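Descriptive analysis of the structure
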Amino acid sequence: SDFTYFMVGNFKVQEITPLLEKYVGGLPSTGRKETWKDVEPGFPKGLVVVDVPKNSEPQSIVAMVWKGDFKWKEKTRQGFTMLMNILSIKLRESMREKQGGTYGVSFNGSPSKFPKPEYTITSSWGCNPDSISKLSQTVLTEMARIKKEGPTTEDLNKVKETMIRERETRLKENNFWVSALQSLYMNGDRLLTLDEYKSFVNSFTGKDIKKIAGKYLDTESYVKVALTPAPKVEVK
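Residues numbered from 1 in each chain as written. Predicted model: local features only at pLDDT ≥ 70, side-chain atom pairs only at ≥ 80, totals over all residues. Heavy atoms only, no water.

1. Structural notes on the overall build of the protein chain
Our working definition: Only DSSP runs of H or I reaching four residues or more are called helices, and only runs of E reaching two or more are called strands; each is numbered from the N terminus. In this scheme, a residue with accessible area under 20% of its type's maximum is buried, one over 50% is exposed, and one in between is partly exposed, where area comes from a 1.4 Å probe on protein chains only. Residue burial considers only the protein chains on display, and all accessible areas are found by Shrake-Rupley using a 1.4 Å probe. The sign given to each residue is positive for Lys and Arg and negative for Asp and Glu; His and the chain ends receive no count. Each charge is placed at NZ for Lys, CZ for Arg, CG for Asp and CD for Glu.
When helices and strands are tallied, the protein chain shows 7 helices and 5 strands. Reading the protein chain from its N terminus to its C terminus gives the helix and strand order α-β-β-α-β-β-α-α-α-α-α-β. C-alpha extents for the protein chain along the principal axes are approximately 70 × 55 × 30 Å. Expressed as a percentage of its 236 residues, the buried residues of the protein chain come to 31%. Accessible surface computed for the protein chain: about 15400 Å², of which carbon and sulfur atoms make up 52%. Taken together, the 37 basic and 29 acidic charged side chains of the protein chain have centroids lying 3 Å from each other.

Structure representation (structure tokens):
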């Protein structure tokens, strides 16, 4: 019907076309137009804290999640990604290297255009149960700091260099091109040359990131879930 197929790889178009005609083009079609239905449950409003005392191990796993409406613009999406990378660096430095509270912490987020433009941010880590409150507050403190002060020049430059280096590597990978083509056809995203991408990334200032942080980092409304040790059962 109205499906679009993407094929990326090392092949010759004239050799693969007959195979596509036979195995894809020959499939029966009803001619219908596909659509979608939004069945995702609504995200909770305000602050939601949930403790799940079910872990068989004497440790905790914590996740904090944010979700909200997103302005679907190229610069906003790129700046949002840079903001996530910067906060990932700051939390790793603060929670793991300075406090020694966890072996590893993740902080990532991404926007989506369908069924409506919105973003999701998730931070998660494992720690001693006694450190849950302290480390959770560290996440909020780092978010509040970048909203107020913006990123340091060092952190911003570090993220820029990493993103450009990763793009240089990914341009040689099939999955990058499949993803880029999907974004082009589904979302209308531009396909940038490497030089265009470098210029775009390097155009961001600390003020740009601070503005995006102020719009999408909420230290008041979020969901926090902690898997904590199950109560010990005394055997009589």
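Having seen the structure, we can now continue with the description.
2. Thoughts on the layout of surface pockets
How we decide: A cavity here means a set of points on a 1 Å grid, drawn over the protein atoms and nothing else, where a 1.4 Å probe fits but cannot get out; a pocket is an open set with protein on both sides within 12 Å along at least five of seven lines, and a residue lines either one if it has an atom within 4 Å of a point. Grid points are joined across faces, edges and corners, and a volume is the space filled by probe spheres set on the points. Amino acid classes used here: Ala, Val, Leu, Ile, Met, Phe, Trp, Tyr, Cys and Pro are nonpolar; Asp, Glu, Lys and Arg are charged; the rest, including Gly, are polar.
The calculated volume of the largest pocket comes to roughly 810 Å³. Lining the largest pocket are 25 residues, with Gln78, Arg167, Arg170, Asp189 and Tyr197 positioned closest to its centre. Only α2 (74-98), β3 (105-112), α4 (153-170), α5 (174-187) and α6 (194-202) provide two or more residues apiece to the lining of the largest pocket. At 6 residues, the largest contribution of residues to the lining of the largest pocket is made by α5. Its residues assigned to classes, the lining of the largest pocket comprises 11 nonpolar, 7 polar and 7 charged.

3. Examining the sheet that holds strand β5 (residues 222-229)
The cut-off we apply is this: Pairing between strands requires that DSSP locate at least two bridges from one strand to the other. Axis geometry follows a simple rule: fit a line to the C-alpha atoms, using only the stretch in contact for helices, then measure angles between N-to-C directions, giving values from 0 to 180 degrees.
With mixed pairing, 5 strands are arranged side by side in an open sheet as β1-β5-β2-β4-β3. Strand pairing shows two members of the sheet lacking a second neighbour, β1 (47-55) and β3, which therefore form its edges. Direction aside, neighbouring strands of the sheet carry axes that sit 15° apart on average. The sheet contact formed by strand β2 (residues 60-69) and strand β4 (residues 118-127) spans 10 bridges and is antiparallel. Its bridge partner being in β4, Val62 is matched across the sheet by Trp125.

4. Considerations on a positive patch on the surface
Spelled out, the test is: Without a salt bridge and with relative accessible area above 30%, a residue can belong to a patch; like charges are then joined within 9 Å and nonpolar side chains (Val, Leu, Ile, Met, Phe, Trp, Tyr) within 5 Å. One speaks of a salt bridge when a side-chain nitrogen belonging to Lys or Arg is within 4 Å of a carboxyl oxygen belonging to Asp or Glu.
A cluster of basic side chains, namely Lys71, Lys73, Lys207, Lys210, Lys211 and Lys215, defines a positive patch on the protein surface. Secondary-structure assignment places Lys215 in helix α7 (residues 206-216). A relative accessible area of 53% means that Lys215 is categorised as exposed.

5. Looking at the packing of aromatic side chains
Applicable threshold: Only Phe, Tyr and Trp rings are paired, with Trp represented by its six-membered ring, and only when their centres lie within 6.5 Å; those with planes under 30 degrees apart are stacked, over 60 edge-to-face, the remainder tilted. The criterion for a charge sitting over a ring is simple: Lys NZ or Arg CZ within 6 Å of the ring centre, and within 35 degrees of the ring normal.
Scanning all chains against the criterion turns up 11 aromatic pairs. When the centroid spacing of 6.3 Å and the interplanar angle of 70° are considered together, the rings of Phe70 and Trp72 count as edge-to-face. For the pair Phe70 and Trp72, a shared accessibility class is recorded, and that class is buried. Residues Phe80 and Tyr216 carry aromatic rings whose centres are separated by 5.8 Å and whose planes lie at 90° to one another, so their mutual orientation is edge-to-face. Of the two residues, Phe80 is situated in helix α2 and Tyr216 in helix α7; the sequence distance between them amounts to 136 residues. According to the relative accessible area criterion, Phe80 is buried, its value standing at 0%. Aromatic rings pair up to connect Phe70, Trp72, Phe80, Tyr119 and Tyr216 into one cluster. For Lys75, the ring lying beneath its charged end belongs to Phe204, and the centroid distance is 5.4 Å. Positioned above the aromatic ring of Tyr197, the side-chain terminus of Arg167 is 3.8 Å from the ring centre.

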